[in-house]
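Architecture at a glance
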Amino acid sequence: MAELGTVGAALGAGVPGTASAAPATTAPATKVPARHSALVRVTHWIATLCFFALLVSGIELVISHPRFYWGETGNDTTATLFKLHIPASRNLVPTGYGYVLPDQNGWSRYLHFQAAWIVILTGLLYVIAGVLSGHFRKNLVPGGCDLSWRTLRTTIASHLRFARPSAAEAWSYNVLQRLAYLFVIFVLFPLVIWTGLAMSPAFVSAVPASVTLLGGQQSARTLHFFITVALVLFLLVHVTMIFLAGFWSRMRAMITGRVSTTGGNT
Amino acid sequence: MSELSRRKLIVSGLAATAGVAGLGVAASMAQKFGLVPPDHGGIYGLGETLTYASQRLLTRHSLAREFSPSQISKPPFANEIEPPTAEFKRLQAGRFAEWQMSVSGMVERPASFSLAQLKSYPSRSQITMLQCEEGWSYIAEWIGVPLSLVLNVVGIQPQARYVVYYSIEPDWWESIDMADALHPQTFLAYGMNGEELPVANGGPLRLRVPRQVGYKSVKFITHLTVTDSLKRFGKGLGSASSDAGYAWYAGI
């Protein structure tokens, strides 16, 4: 796959060819179908903003008690599962640091839950539209032959070599990408919402199984933290791949919907 | 093409009108059914209203989880508290015999209760979790009298919507809606784990609201006011913690 030398030209020259192979429309020949539908682009950026809001406010909330436990309860007098060696925003927590950070939990909690609402509603819209429009079936569920060990091995190998993606990948996701996106959308996001709700004393009063299945309220908090770490790792890989593939062309595709043809010989 | 875009324009215009009308109806319904929190203004009002409205609809009658005696945290955890005022120390020196909790506002028979009077009512207990918004938690047995019993004694007027409650310590007050005030697990707690409620945990009298996080469970209760509006209290946001930037509703 992806021969480094040909990629630059392929990205430029190859794309219109790929585009014309897309379903023929009555639109003028100059009109290339959008790489990402408007709905995917808008929901992607709303989710991005919300994710950063949730991450910043979440980190802030952890600072008020950077200790993690397993089971139902945990506090300064109980054993921890692990602790983060950072200063805290509360006097109460023995951190070993000689100072206490200012309390920012008021706006952090407000922002965390507001961003959660917006991203959950956006995510619902995305999933419902994605099922109805066939977005998941067409663009994200790997084709049968893609799931063969041979294809998987080749794709993994090219990733390990940090090879730039092939031209076709400007128009379609490779198998690892598909699996990663599906995992984030249908496993990590639902889990992070579930573990978040399982920390709510009101929510668990109505749905007690939501927390008992996780092993307790402190377990839910710890799992919420681990799933966040997994989401941050995904984000790092995601952004790294965008840089490898060509930052501006991928950004343009996700903002305007058009695949970059600059730098090519068209 | 222009035919199509005109149709698109009309359809999206209609959809937008229906959307705005729908939002208007939703907002007035939310007001009518008491689903709008006092701190609904400002940039976080949307999220706050969605949280309060959805949790209120979901949890109107649900009970906070109760635990078995073996799950009680030993020792019970005590949060740090401000040094007590002179008035508190005076009452403490008298073993709280003179502690009074007054009830005023939209009630038929305003009254004041001593601890002995509160303890003369049938006592109830619950083993529930106190969880702080910071992240720590503990489980304890809370012994006391349901707030609803005291509210029945004084007789709340039909227009009552909130109960505001005050600590003896300055600038420490909160409020809850009637769904929480009349909830069977909302206790005026005077005991813990079979003993007197320690001062460190809010003794001699703490209002326990187990379906909300810890800061709604105010320590050292001396006064309750029943009201139909929170506008005249503090900045009108419903509690001292809301005035300080925390959400009024803390079910999450």
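Residues numbered from 1 in each chain as written. Chains lettered and ligands numbered in written order. Predicted model: local features only at pLDDT ≥ 70, side-chain atom pairs only at ≥ 80, totals over all residues.

When its secondary structure is counted, chain B shows 7 helices and 10 strands. With the C-alpha coordinates aligned to their principal axes, the bounding extent of chain B is approximately 85 × 40 × 30 Å. When the 252 residues of chain B are sorted by exposure, 44% land in the buried category. For chain B, restricting intrachain contacts to residue pairs at least 6 apart in sequence, the fraction spanning at least 24 positions comes to 68%. (Helix = DSSP H or I, 4+ residues; strand = E, 2+ residues; numbered from the N terminus. Buried ≥ 20, exposed ≤ 12 C-beta atoms within 10 Å, placed from the backbone. Contact = placed C-beta atoms within 7 Å.)

Looking only at helices and strands, chain A features 9 helices and 2 strands. From first element to last, N terminus to C terminus, chain A shows the α and β order α-α-β-β-α-α-α-α-α-α-α. Going through the 266 residues of chain A one by one, you find that 29% of them count as buried. Of all intrachain contacts in chain A linking residues separated by at least 6 positions in sequence, the fraction that spans at least 24 positions is 67%.

Let us now look at the packing of helix α3 (residues 105-133) of chain A against helix α2 (residues 45-59) of chain B. Pairs of packed helices are described in terms of their axes, by the angle between the two and the distance that separates them. Between α3 of chain A and α2 of chain B, the shortest axis-to-axis distance is 8 Å and the interhelical angle comes to 75°. Of the possible angle classes, the one that applies to α3 of chain A and α2 of chain B is roughly perpendicular. For the pair α3 of chain A and α2 of chain B, contact is made by Tyr-110, Phe-113, Gln-114 and Trp-117 of chain A and by Leu-46, Gly-47, Glu-48, Leu-50 and Thr-51 of chain B, respectively. (Axes fitted to C-alpha atoms, helices over the stretch in contact; angles between N-to-C directions. Parallel < 35°, antiparallel > 145°, perpendicular 65-115°, else oblique.)

It is worth spelling out the interface of chain B and chain A at this point. Chain B puts 38 residues into the contact, and the matching count from chain A is 31 residues. Listed by contribution, the elements that provide at least two residues to the side of chain B that touches chain A are α2, β3 (124-131) and β4 (137-146) of chain B. Here the element with the most residues in the side of chain B that touches chain A is α2 of chain B; it accounts for 8 residues. For the side of chain B that touches chain A, a count of residues per class yields 18 nonpolar, 14 polar and 6 charged. (Nonpolar A, V, L, I, M, F, W, Y, C, P; charged D, E, K, R; others polar.)

Let's shift gears to the confidence of the model for chain A. Low pLDDT marks regions whose predicted coordinates should not be analysed in detail. Chain-level statistics for chain A give a pLDDT mean of 85 and a share of 86% at 70 or above. The low-confidence segment residues 262-266 of chain A (pLDDT under 50) makes 13 contacts with residues lying over four places distant or belonging to another chain. (pLDDT = per-residue confidence, 0-100.)

Moving on: the sheet that holds strand β6 (residues 173-177) of chain B. Residue and element names in this part refer to chain B. Read from one edge to the other, the open sheet built from 5 strands follows the order β2-β1-β10-β5-β6, with strand pairing classed as mixed. One side of each edge strand has no neighbouring strand; the edge strands of this open sheet are β2 (111-114) and β6. Each strand of the sheet is rotated relative to its neighbour by a mean of 20°, with strand direction disregarded. Note that strand β5 (residues 162-167) and β6 share 5 bridges and pair antiparallel. Counted as the bridge partner of Tyr-165 is Glu-174 from β6. (Pairing = 2+ DSSP bridges.)

Moving on to the nonpolar core. Counting 47 residues, the largest nonpolar core has Val-163, Tyr-165, Leu-188, Leu-205 and Ile-221 of chain B as the members making the most contacts within it. Only β1 (100-105), β3, β4, α5 (147-154), β5, β6, β7 (187-192) and β10 (221-227) of chain B provide two or more residues apiece to this core. Sort the elements by how many residues they give to this core and β4 of chain B lands first, with 6 residues. Once residues within four sequence positions are removed from consideration, Val-163 of chain B is found in contact with Ser-175, Ile-176, Ala-181, Leu-224 and Val-226 of chain B. By size, the runner-up hydrophobic cluster in this structure holds 32 residues, among which are Ala-116 and Ala-198 of chain A together with Tyr-52 and Val-213 of chain B. (Core = buried A, V, L, I, M, F, W, Y, C linked by C-beta atoms within 7 Å.)

Turning our attention to the environment of Gly-251 of chain B. With respect to the helices, strands and loops of the structure, Gly-251 of chain B is situated in the segment after α7 (240-243). Residue Gly-251 of chain B is classed as buried on the basis of its C-beta count, with 23 C-beta atoms lying within 10 Å. It is 9.7 Å that separates the C-alpha atoms of Gly-251 of chain B and Thr-59 of chain B, two residues lying 192 residues apart in sequence. Ignoring any residue separated from it by four or fewer positions in sequence, one finds Gly-251 of chain B in contact with Ser-200, Pro-201 and Ala-202 of chain A together with Gln-55, Thr-59, Arg-211 and Gln-212 of chain B.

Right, let's get into unusual backbone geometry. In most cases, non-glycine residues show a negative phi, while peptide bonds are predominantly trans. All names here are of chain B. A cis amide bond, omega -10°, links Lys-74 with the succeeding residue Pro-75. Structurally, the position occupied by Pro-75 is in the loop between α2 and α3 (86-93). Of note, the bond from Gly-203 into Pro-204 is cis; its omega dihedral lies within 30 degrees of zero at 15°. One can find Pro-204 in the loop between β8 (195-196) and β9 (206-208).

Attention shifts here to helix α9 (residues 217-255) of chain A. Structurally, the α-helix is built with 3.6 residues per turn, so residues lying three or four positions apart point the same way. Residue and element names in this part refer to chain A. Along its 39 residues, α9 runs just 40 Å from first to last C-alpha, ending more than 12% under the 57 Å computed at 1.5 Å per residue. At Gly-246, α9 shows its largest kink, close to 110°. Phi for Gly-257, located one or two positions after α9, is positive at around 90°. (Expected span 1.5 Å × (residues − 1). Bend = angle between axes of the 7 residues up to and from the residue.)

Moving on: the pairing of β5 of chain B. Residues and elements named next belong to chain B. Among the 6 residues of β5, 6 are classified as buried, and the element is accordingly described as predominantly covered. Of the two faces of β5, the one carrying Tyr-162, Val-164 and Tyr-166 and the one carrying Val-163, Tyr-165 and Ser-167 are both buried. Here β5 folds back onto β6 in antiparallel fashion, the turn holding 5 residues, of which Asp-171 has a positive phi close to 55°. As paired strands, β5 and β10 are joined by 6 bridges and run antiparallel to one another. Bridge pairing in β10 links Val-163 to Val-226.

The next point concerns the pairing of β3 of chain B. All names here are of chain B. With 8 bridges joining them, β3 and β4 adopt antiparallel strand pairing. Counterpart to Met-129 in the pairing with β4 is Ile-139. Between the antiparallel neighbours β3 and β4 lie 5 residues, among them Gly-135 with a positive phi of about 135°.

Right, let's get into the environment of Glu-108 of chain B. Residue and element names in this part refer to chain B. Locating Glu-108 in the fold gives a position in the loop between β1 and β2. Along the sequence, Glu-108 and Asp-180 sit 72 residues apart, while their C-alpha atoms lie 20 Å from each other. Sequence-distant contacts of Glu-108, that is, excluding residues within four places in its chain, are made with Val-154, Gly-155 and Gln-157.

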